[in-house]
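Structural characterization, general
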Amino acid sequence: MTSIAFIGLGNMGGGMAANLAKAGHDVRAFDLSPDALDRAKTAGCLPVASAAAAVEGAEVVVTMLPAGTHVETVYTHEVFPAAAPNTLLIDCSTIDVDTAKRVATAAHAKGLVAVDAPVSGGIAAATAGSLTFMVGGSEAGFERAQVILEAMGKAVIHAGMNGAGQAVKICNNMLLGASMIATSEAFLLAEKLGLDPQKFFDISSVSSGQNWSMTSYCPLPGVGPETPADHDYQGGFAVALMLKDLKLAMQAAQAAGAVTPMGARAADLYQAYADQGQGGVDFSGIIRMLAAKQ
């Protein structure tokens, strides 16, 4: 059993902390939301009054926070002062690469071990313990983190040194955002051409157009496996989160001098959809905005 501090119990973090407790770890949990703390207690975690209180005496600290500014603030003011030497810090938030590297450098200077380990899979996978973790950090840090992350995921993959996990996540979600738009356009065009959506799915899903947005997360209700589209685009991965990741990708592309026209266009389209008040619906719901333009 490992003593774990878990900071950030939102839609993703709540399920992740619950799975750590289910695996037999001693989880002390903190969030600003009293309701989130109550859910964590029901799941077997011990709610505490502050992030620092969670960190005191912990062997491992796991954070799942909204953005880089939150991560850096919590680590600087709460985690670093309370953490014992050699404590393992695992940040599962999706943030910019520069902040991830900066936080890791500060952690190492204080005798701590830090890895960035953003996730893929969404709320359902966080609850089921079937997330994919892409981990940035040293080999030794990865080996220590792997044991903890395996209690929350189906795949734990070492991407490289600190910041590499965030880089993979940004690239992956840029590809996901663009492919969802292209998949939605293909279904709408097929409909305009008089094709049966299920027939198009049956053929394209085993042809060269096959992609995850089609076969595992189809944006059209009633086609393929059950997805948020079958529930009026509720649940899943919110438009606002996809837009956040696309913006991170565009910032990274600009800093690296990379040309990403499809990523930029995807960001523009998701921004337009969010501006319509749809930031809380699943990102596959963008098919409705595209359909309205037909």
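Before any of the text, the structure's been laid out above.
Keep in mind the model is a prediction, meaning the values are calculated, not measured.

1. A word on the overall build of the chain
Check the secondary structure of the chain and you find 13 helices and 9 strands. Its C-alpha atoms give the chain a radius of gyration of 20 Å, within 12% of the compact-globule value 19 Å for 294 residues. In terms of its C-alpha atoms, the chain occupies a principal-axis envelope of roughly 65 × 45 × 35 Å. A total of 294 residues make up the chain; the buried ones form 51% of that total. Taking the intrachain contacts of the chain between residues at least 6 apart in sequence as the baseline, contacts between residues at least 24 apart amount to 64%. Carbon and sulfur atoms form 57% of the exposed surface of the chain, whose accessible area is close to 13,200 Å². With 17 positive and 26 negative side-chain charges, the chain shows a separation of 2 Å between the mean positions of the two kinds.

2. Things to note about helix α2 (residues 34–42)
Among the residues making up α2, those that are buried are A36, L37 and A40. Angular distribution of buried residues about the axis of α2 spans 100°; they occupy a single face of the element. Among the exposed residues of α2, those pointing more than 90 degrees away from its buried face are P34, R39, K41 and T42. Here the buried face of α2 lies against β2 (26–30) and β3 (46–47). Once α2 finishes, G44 follows within two positions and takes phi at roughly 105°, a positive value.

3. Quick look at the packing of aromatic side chains
Here the structure, examined in full by the defined rule, presents 6 aromatic pairs. Measuring from centroid to centroid gives 5.9 Å for Y75 and F80, while their planes differ by 75°, and the two rings are edge-to-face. Take F80: its relative accessible area is 10%, and that puts it in the buried class. On the numbers, 5.1 Å between centres and 90° between planes, the contact of F187 with F200 is edge-to-face. Of this pair, F187 sits in helix α8 (residues 164–192) while F200 is found in helix α9 (residues 197–204), placing the two residues 13 residues apart along the sequence. Like F200, F187 is buried. Three or more aromatic residues joined by ring pairs form one cluster here, namely W212, Y217, F237, Y270 and F283.

4. Overview of the layout of surface pockets
In this structure, the largest pocket spans a volume of roughly 1,200 Å³. Considering the residues around the largest pocket, the lining is formed by 49 residues, among which M12, G121, G122, I123 and F237 are closest to the centre. Taken together, the elements giving at least two residues each to the lining of the largest pocket come down to α1 (11–22), β7 (119–120), α6 (122–128), β8 (131–136), α8, α10 (212–215) and α11 (239–256). Of the residues forming the lining of the largest pocket, the biggest block, 6 residues, is contributed by α8. Here the residues of the lining of the largest pocket are counted per class, giving 21 nonpolar, 22 polar and 6 charged. By volume, the second largest pocket amounts to about 300 Å³. Secondary-structure elements contributing two or more residues to the lining of the second largest pocket are α5 (97–109), α8 and α11. It is α11 that provides the largest number of residues to the lining of the second largest pocket, a total of 7 residues. Per-class residue counts for the lining of the second largest pocket are 12 nonpolar, 2 polar and 3 charged.

Conventions we followed
Residues numbered from 1 in each chain as written. Predicted model: local features only at pLDDT ≥ 70, side-chain atom pairs only at ≥ 80, totals over all residues. Heavy atoms only, no water. Helix = DSSP H or I, 4+ residues; strand = E, 2+ residues; numbered from the N terminus. Rg over C-alpha atoms; globule rule 2.2 N^0.38 Å. Buried < 20%, exposed > 50% of the residue type's maximum accessible area, 1.4 Å probe, protein only. Contact = heavy atoms within 4.5 Å. Areas by Shrake-Rupley, 256 points an atom, 1.4 Å probe, with all protein chains shown as cover. Lys, Arg positive; Asp, Glu negative; His and termini not counted. Charge placed at Lys NZ, Arg CZ, Asp CG, Glu CD. Arc of directions from axis to C-beta. Phe/Tyr/Trp six-rings, centres within 6.5 Å; stacked < 30°, edge-to-face > 60°. 1 Å grid on protein atoms, 1.4 Å probe; cavity = no way out; pocket = protein on both sides within 12 Å on 5 of 7 lines; lining within 4 Å. Points joined across faces, edges and corners; volume = space filled by probe spheres on them. Nonpolar A, V, L, I, M, F, W, Y, C, P; charged D, E, K, R; others polar.

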